[in-house]
Amino acid sequence: MPGNLRPPLADVAADVPVLYPDDCHLDTAQEQVQDCRYGAGSGAIAVFGDSHAAQWFPAISDIAEKRGDTTMRAYTKSSCPAADVTVSNNVRPAIDGERACWMNWKRIRRSWSSSPAMFTTSSRRMRRPASRPGRRGCSARFSDSVMRVVIADTASFPAPPPTFVSDNVMDVTRCDGPRSRALDPALTEAEGAAVTREGGLYADFTKYVCGADRCPVIVHDLLVYRDENHLTTEFVRYLATGLDEQIRSGL
């Protein structure tokens, strides 16, 4: 294990996007629509979706800062994917507030005086066909002038990689996950095709998080995952340049 691992294992539990401590990321029990704004520029980037959209906020925020004159606006909620499906949790049946696009989407849309310059979303991978056209249902409600970016979901593990790393500090490669289990390439390909067909940009970071056979839990001196399926903020910022390049290539 690198001696300068970022974030340190002792700090990984607190390594979450600023949306969490700012109460700008809703949990499954909350139904109100938040409208968190960062910056006061004339341009705007909207981030919409579940916690897998929220995890990309550090990278998108860095991109917005480099561009200047841009406001970040966040609408994210745990277990609330950006797809036209109804979801439920293990506690109680689904309610209107837990629908993708939340049944509150009109209220979110009314909070905008004009459409954002870029609408960015991502969601945890769902093994159901309805998730693909649902992405279109959310983002297509903006005008064609809005750049719609869907970020492909990243790898997932059966147990938290940081815990496994702490038990295998002399050989962290034992913690790497088999690519065949960590990813669903068929679903990623189908989702990408659907997004592209609808005029959106599909940003796929598979090559940055997985090799030909394995998905490492540490890249250089960076811890890749903070839990089973969320990237650390340090690693997301590491990917910011690549995300910006993909966005610019789609302009």
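Residues numbered from 1 in each chain as written. Predicted model: local features only at pLDDT ≥ 70, side-chain atom pairs only at ≥ 80, totals over all residues. Heavy atoms only, no water.

Details of the state of the cysteines
As used here, a disulfide is simply a covalent bond connecting the sulfur atoms of two cysteines. The condition that has to hold: Disulfide: a pair of cysteine sulfur atoms within 2.5 Å of each other. Strands are runs of DSSP state E lasting at least 2 residues, helices are runs of H or I lasting at least 4, and numbering of each runs from the N terminus. When a residue's accessible area, from a 1.4 Å probe over protein chains only, is under 20% of the maximum for its type it is buried; when over 50% it is exposed; and in between it is partly exposed.
Evaluated as defined, the whole model comprises two disulfides. In this model Cys24 forms its disulfide with Cys36; the gap between the sulfur atoms is 2.0 Å. With the S-S dihedral at roughly -90 degrees, the linkage between Cys24 and Cys36 falls on the left-handed side. Of the two residues, Cys24 is situated in the segment before β1 (25-26) and Cys36 in strand β2 (residues 36-38); the sequence distance between them amounts to twelve residues. Here Cys210 connects covalently by a disulfide to Cys215, the sulfurs 2.0 Å from one another. Between Cys210 and Cys215, the S-S torsion sits near 100 degrees, and that sign places the bridge as right-handed. There is no split in this pair, since Cys210 and Cys215 are both buried.

Digging into the nonpolar core
The criterion, for reference: Remark: nonpolar core denotes a set of buried residues (Ala, Val, Leu, Ile, Met, Phe, Trp, Tyr, Cys) joined through side-chain atoms within 4.5 Å. When checking whether two residues touch, look at their non-hydrogen atoms; a contact exists if any pair is within 4.5 Å.
Residues Trp56 and Leu243 are the most contacted members of the largest nonpolar core, which totals 48 residues. Top contributing element to this core by residue count: helix α2 (residues 57-67), with five residues. Dropping the residues within four chain positions of it, Leu243 is found in contact with Ala59, Ile60, Ile63, Ile151, Ala203 and Phe205. Residues Ala46, Phe48, Phe119 and Val146 belong to the second largest nonpolar core, which totals five residues.

Quick look at the pairing of strand β3 (residues 43-49)
We count it as follows: Paired strands are those between which DSSP finds at least two bridges.
By the criterion of burial, β3 is predominantly enclosed, with six of the seven residues buried. In the sheet, β3 pairs with strand β4 (residues 70-77) via seven bridges, with the strands oriented parallel. Paired with Gly43 across the two strands is Thr70, which belongs to β4. Where β3 meets strand β5 (residues 118-122), five bridges bridge the pair, whose relative direction is parallel. Bridge pairing in β5 links Ala46 to Phe119.

Structural notes on the pairing of β5
For β5, the tally of buried residues reaches five of five residues, placing the bulk of the element in the interior. Where burial is concerned, the two faces of β5 agree: the one with Met118, Thr120 and Ser122 and the one with Phe119 and Thr121 are both buried. Two strands pair when backbone bridges link them, and β5 and strand β6 (residues 147-151) are joined in this way by four bridges, in the parallel orientation. Bridge pairing in β6 links Thr121 to Val150.

Re the packing of aromatic side chains
Counted only if it meets this: Aromatic rings from Phe, Tyr and Trp, with only the six-membered ring used for Trp, were paired whenever their centres fell within 6.5 Å, and each pair was classed as stacked if the ring planes differed by under 30 degrees, edge-to-face if by over 60, and tilted otherwise.
Enumeration according to the criterion identifies six aromatic pairs in this entry. A ring pair is formed by Phe235 and Tyr238, whose centres lie 5.4 Å apart and whose planes are at 35 degrees; its orientation type is tilted. Of this pair, Phe235 and Tyr238 both sit in helix α9 (residues 233-238), three residues apart, roughly one helical turn. With a relative accessible area of 0%, Phe235 lands in the buried category.

A word on the packing of α2 against helix α10 (residues 240-249)
Basically, it comes down to this: Every axis corresponds to a line fitted to the C-alpha atoms, with the helix fit spanning only the stretch in contact, and the corresponding angles, defined between N-to-C directions, vary from 0 to 180 degrees. An angle below 35 degrees is read as roughly parallel, one above 145 as roughly antiparallel, one from 65 to 115 as roughly perpendicular, and any other as oblique. Crossings are classed by handedness, with left-handed meaning an anticlockwise turn of the near helix from the far one by less than a right angle and right-handed meaning a clockwise turn. Gly is put with the polar residues, along with every residue not named as nonpolar or charged; the nonpolar set is Ala, Val, Leu, Ile, Met, Phe, Trp, Tyr, Cys and Pro, and the charged set is Asp, Glu, Lys and Arg.
Relative to each other, α2 and α10 sit at 65 degrees, their axes nearing to 9 Å. Taken together, the axis directions place α2 and α10 in an arrangement best described as roughly perpendicular. Every pair of crossing elements has a handedness; the one defined by α2 and α10 is right-handed. For the pair α2 and α10, contact is made by Ala59, Ile60, Asp62, Ile63, Lys66 and Arg67 and by Ala240, Thr241, Leu243, Asp244, Ile247 and Arg248, respectively. In the contact of α2 with α10, the residues fall into six nonpolar, one polar and five charged.

Shape descriptors only; they carry no functional weight alone.
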